[in-house]
Amino acid sequence: MEDGSMVIRLPGRSRGPVAFEEIGETTVLRYKEVHHFFFLPFREQPIFSTRAHVFQIDPNTKKNWVPTSKHAVTVSYFYDSVRNVYRIISLDGSKAIINSTISPNMTFTKTSQKFGQWADSRANTVYGLGFSSENHLKKFAEKFAEFKEAARIAKEKSHEKAELASTPSQESATGDMQSPFTPESVNGTDEERATPDISHNALPFPHGSAINKHWEAELAALKGNNAKLTAALLESTANVKQWKQQLAAYREEAERLHKRVTELEYTCSQTNVIKTHKTELNQTIEELESALKTKEEEIDGLKAEVENARQLQAQRDSLAQKLQETETRSRDLVGQLADLEQRLESNQLGQEAFLRNLRTLLELLDGKIFELTELRDNLAKLVEGS
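Please read these numbers as outputs of a predicted model, since none were measured by experiment.

Asks: Outline the nonpolar core, supporting the account with residue identities and numerical values.
Replies: Ranked by size, the top nonpolar core spans 22 residues in total, and within it V75, Y77, I88, I98, W118, L129 and F140 carry the most contacts. When sequence neighbours within four positions are dropped, the list of residues in contact with W118 reads I88, I98, S100, M106, T107, F108, V126, Y127, L129, F140 and F144. Core analysis: the second largest hydrophobic core is formed by 14 residues, W243, L257, V261 and L264 among them.

In structure tokens, the structure reads:
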């Protein structure tokens, strides 16, 4: 190539120029046309990989997270056997979104069941990783602690070697600084981190309200899963179309190669050169058939994912219907309770009116009793006087 890059034939992939590129201390093989990246085993080797959503702290607020990848990407631990250091590296297409060297004073903090963070004073930032499960976060944290301890031991050994060498160094140690970011400065205070409560009109019937909230939470979770599955389904559909085009191209290439082999066998079947070409073409055909088989297996896997997505959609519709029924029942119960309260109020008003009438009758009765008492006294006086 005129620009000094090499052309490497990779079986099962579209062909194009390949160039070597340096990212920090890592040599990367860049495949220009399809933008695939491969870390070559020169100095650093990947020793652990996982997938996660990558974030960085907002440099202005020092509290909010800014996503650096649109989707989950591969995050790997690399070991440099020459420098005896460990690094965390992640690429999003052609962009290195994480390039962090692990030092003994770094700390990986779990801020939730699926999210963790660490501060890198050299990069003057804080990295955050969102995992798909708590188990993935646990494994990543364990590897971080393991490689941090290995970095500490390596640093101590280098100091011991420097002391044994008895050659005073004039260079000032520039060890990693403590991260200026605390968990509070990264995520805000406890009040800022708390999720604001959404106020609802309190229902007079507590049992119906609890059921309603339960189904609302399940529906919200299903909506989130449905959005992710829809995005994955769209991406898978696009990939299937691309792979079908590639498969058609592979079939055409295989047919052309078969025809070419036949022509070569008819033309010069006795020459060693033609035999060599035939062997190479047969090998290429085998590689294409292997790639075709791999793509067909991937298509089968995508079909299974689509079927799972449809099943989840059916479950979501069922839960939505149950939630609607629960809301209808709650409204009925609220109406019944309002009717009962109205009846109770009417009964109380009737009882108060009855009590007033009873007091009036008692007052009249007291007056009559007083008059009868006076009449009795007068009759008694008349009897005594006669």
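Structure shown, so let's carry the discussion forward.
Asks: I'd like a rundown of unusual backbone geometry, residues and numbers included.
Replies: In the Ramachandran plot, K62 falls in the positive-phi region, its phi being about 60° despite a non-glycine side chain. Overall, the relative accessible area of 28% leaves K62 in the partly exposed class. Its identity as a non-glycine residue notwithstanding, N124 has a phi of 55°, on the positive side. Checked against the element boundaries, N124 lands in the loop between strand 11 (115–120) and strand 12 (125–130).

Asks: Could you give me a rundown of the packing of aromatic side chains, with the residues and numbers involved?
Replies: One pass over the full model with this rule turns up 14 aromatic pairs. Between Y77 and F147, the ring centres sit 4.9 Å apart and the planes meet at 65°, which makes this aromatic pair edge-to-face. On the criterion of sequence distance, the pair formed by Y77 in strand 7 (residues 73–80) and F147 in helix 1 (residues 134–164) is long-range, its members being 70 residues apart. The pair Y77 / F147 is uniform in exposure class, with both members buried. Members of the aromatic cluster, joined through ring pairs, are F48, Y77, Y79, Y86, F108, W118, Y127, F131, F140, F144 and F147.

Asks: Can you tell me about the confidence of the model for the protein chain, naming the residues and giving the values?
Replies: Averaged over the protein chain, the pLDDT score is 76; the fraction of residues at 70 or greater is 75%. Residue range residues 1–42 is modelled with pLDDT below 50. Its contacts to residues more than four positions away, or to other chains, number 85 contacts. Segment residues 166–207: pLDDT under 50, and 46 contacts once partners within four positions in sequence are set aside and those in other chains are kept.

Asks: Break down the pattern of salt bridges for me, with residues and values.
Replies: One pass over the full model with this rule turns up 10 salt bridges. With its nearest N and O atoms 3.8 Å apart, the salt bridge here joins E146 to K143. Placement of the pair is E146 and K143 together in helix 1, with a separation of 3 residues, close to one helical turn. Assessed through its relative accessible area of 44%, E146 is described here as partly exposed. Residue K143 is classed as partly exposed on the basis of its relative accessible area, which comes to 25%.

Asks: Describe a nonpolar patch on the surface, with residues and values.
Replies: A cluster of nonpolar side chains, namely F354, L355, L358, L362, L365 and I369, defines an oily patch on the protein surface of about 540 Å² accessible area. Relative to the elements of secondary structure, L355 occurs in helix 5 (residues 272–385). Among the residues examined, L355 registers a relative accessible area of 33% and is labelled partly exposed.

Asks: So what about the side chain of K295? Which residues, and what values?
Replies: One can find K295 in helix 5. Those residues in contact with K295 that lie beyond four places of it in its chain are W243, Q246 and L247.

Asks: So what about the side chain of S76? Which residues, and what values?
Replies: The residue S76 is located in strand 7 in this model. Judged by its relative accessible area of 7%, S76 falls in the buried class. Aside from chain neighbours lying at most four places away, what touches S76 is F48, S49, R87, I88 and I89.

Asks: Describe the pairing of strand 11, naming the residues involved and giving the relevant values.
Replies: For strand 11, the tally of buried residues reaches 6 of 6 residues, placing the bulk of the element in the interior. Of the two faces of strand 11, both are covered, the one formed by F115, Q117 and A119 as well as the one formed by G116, W118 and D120. As defined by bridge partners, strand 10 (residues 109–110) adjoins strand 11 across 2 bridges and the pair is classed as antiparallel. Paired with T109 across the bridge in strand 11 is Q117. Hairpin connection, strand 10 to strand 11: the antiparallel pair is bridged by 4 residues. Both strand 11 and strand 12 contribute to a ladder of 6 bridges, which runs antiparallel. Pairing of F115 across the sheet is with G130, part of strand 12. Taking the residues that link successive antiparallel strands as the turn, the strand 11-strand 12 hairpin has 4 residues, and the phi of N124 there is positive, at about 55°.

Criteria and cut-off values
Residues numbered from 1 in each chain as written. Predicted model: local features only at pLDDT ≥ 70, side-chain atom pairs only at ≥ 80, totals over all residues. Heavy atoms only, no water. Core = buried A, V, L, I, M, F, W, Y, C linked by side-chain atoms within 4.5 Å. Buried < 20%, exposed > 50% of the residue type's maximum accessible area, 1.4 Å probe, protein only. Contact = heavy atoms within 4.5 Å. Helix = DSSP H or I, 4+ residues; strand = E, 2+ residues; numbered from the N terminus. Phe/Tyr/Trp six-rings, centres within 6.5 Å; stacked < 30°, edge-to-face > 60°. pLDDT = per-residue confidence, 0-100. Salt bridge = Lys/Arg side-chain N within 4 Å of Asp/Glu carboxyl O. Patch = residues over 30% accessible without salt bridge, like charges linked within 9 Å, V, L, I, M, F, W, Y side chains within 5 Å. Areas by Shrake-Rupley, 256 points an atom, 1.4 Å probe, with all protein chains shown as cover. Pairing = 2+ DSSP bridges.

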